[in-house]
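Summary of structural features
Here is what each chain is made of, one letter per residue.
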Amino acid sequence: MTITPSQTVGPFFAHALPYPHDWELVPPGHPGAVTLEGRVLDGAGDPVPDALLELWLGRTGDRGALRRGDGGVSGFGRCATEPDGTYRFRTAPPAGPYLSLQIFARGLLRSVLTRVYLEDVPDPLLDGLDPARRATLLATRSGDTHRFDVRLQGEGETVFLDF
């Protein structure tokens, strides 16, 4: 018998999961809107061009995921990365100190979950991390835009949570 190489199935995320305005949890001009953008990087620091990210706002009373265009706030958004690994969401501020971000990517048997802290605030999770690991959960701010890069493995790997 000849040994054959293993094969990763997929990703097929772009086939059926994206939908119109999936990255917009709030409409343009929404009061207090926050833009979250960044890149998804692999262990070598190269961009992941075919990842899919889901952003969860964690606020009660927000509308369902697929409703868009009526001026309200959706509690959920989805964004596929561009060929250079970039992504972008427009959202309302979170209910607490962080946004939940789930990443689906090639080579992952299961998606991974992390938190995006828009500010460095006292928090049980952040407080239990050394400064280098803590930094992987903090977005950097420039005006109304927050930048958050996801490093899937290797040096500077983003902290991921069990769920």
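Residues numbered from 1 in each chain as written. Predicted model: local features only at pLDDT ≥ 70, side-chain atom pairs only at ≥ 80, totals over all residues. Heavy atoms only, no water.

Throughout the structure, instances matching the rule amount to seven salt bridges. With a shortest N-O distance of 3.1 Å, Arg147 and Asp149 are connected by a salt bridge. Members of the salt-bridge network, linked through shared partners, are Asp120, Asp127 and Arg134. (Salt bridge = Lys/Arg side-chain N within 4 Å of Asp/Glu carboxyl O.)

There is about 170 Å³ of room inside the largest pocket. Around the largest pocket sit 13 residues that line it, and Pro94, Leu118, Glu119, Arg141 and His146 are the ones nearest its centre. (1 Å grid on protein atoms, 1.4 Å probe; cavity = no way out; pocket = protein on both sides within 12 Å on 5 of 7 lines; lining within 4 Å. Points joined across faces, edges and corners; volume = space filled by probe spheres on them.)

Let us now look at the sheet that holds strand β3 (residues 76-80). If you walk across this open sheet you meet the four strands as β3-β2-β5-β6, and the pairing is antiparallel. Sheet topology places β3 and β6 (112-117) at the edges, where each strand pairs with a single neighbour. Between one strand axis and the next, the sheet turns by 25° as a mean value, whatever way the strands run. Pairing analysis gives six bridges linking strand β5 (residues 98-104) to β6, with the strands arranged antiparallel. Opposite Ile103, over in β6, you have Val112 as the bridge partner. (Pairing = 2+ DSSP bridges. Helix = DSSP H or I, 4+ residues; strand = E, 2+ residues; numbered from the N terminus. Axes fitted to C-alpha atoms, helices over the stretch in contact; angles between N-to-C directions.)

Time to look at the environment of Gly75. Following the sequence through the fold, Gly75 ends up in the loop between β2 (52-56) and β3. Looking at Gly75, the relative accessible area reads 13%, which means it is buried. Considered as a pair, Gly75 and Leu25 are 50 residues apart in the sequence and their alpha carbons are 6.7 Å apart. (Buried < 20%, exposed > 50% of the residue type's maximum accessible area, 1.4 Å probe, protein only.)

This next bit is on the packing of aromatic side chains. Evaluation of the coordinates by the stated rule reveals three aromatic pairs. For the pair Trp56 and Phe76, a centre-to-centre distance of 4.5 Å together with 55° between the ring planes defines the contact as tilted. With Trp56 in strand β2 and Phe76 in strand β3, this pair connects stretches of sequence that are 20 residues apart. With centroids separated by 5.4 Å and ring planes inclined at 50°, the aromatic side chains of Tyr98 and Tyr117 adopt a geometry described as tilted. Highlighted residues: Tyr98 in strand β5 and Tyr117 in strand β6, separated in sequence by 19 residues. Tyr98 sits in the partly exposed class, given a relative accessible area of 25%. Assessed through its relative accessible area of 0%, Tyr117 is described here as buried. The cationic tip of Arg88 hangs over the ring face of Trp23; the distance from NZ or CZ to the ring centre is 4.2 Å. (Phe/Tyr/Trp six-rings, centres within 6.5 Å; stacked < 30°, edge-to-face > 60°. Lys NZ or Arg CZ within 6 Å of the ring centre and 35° of its normal.)

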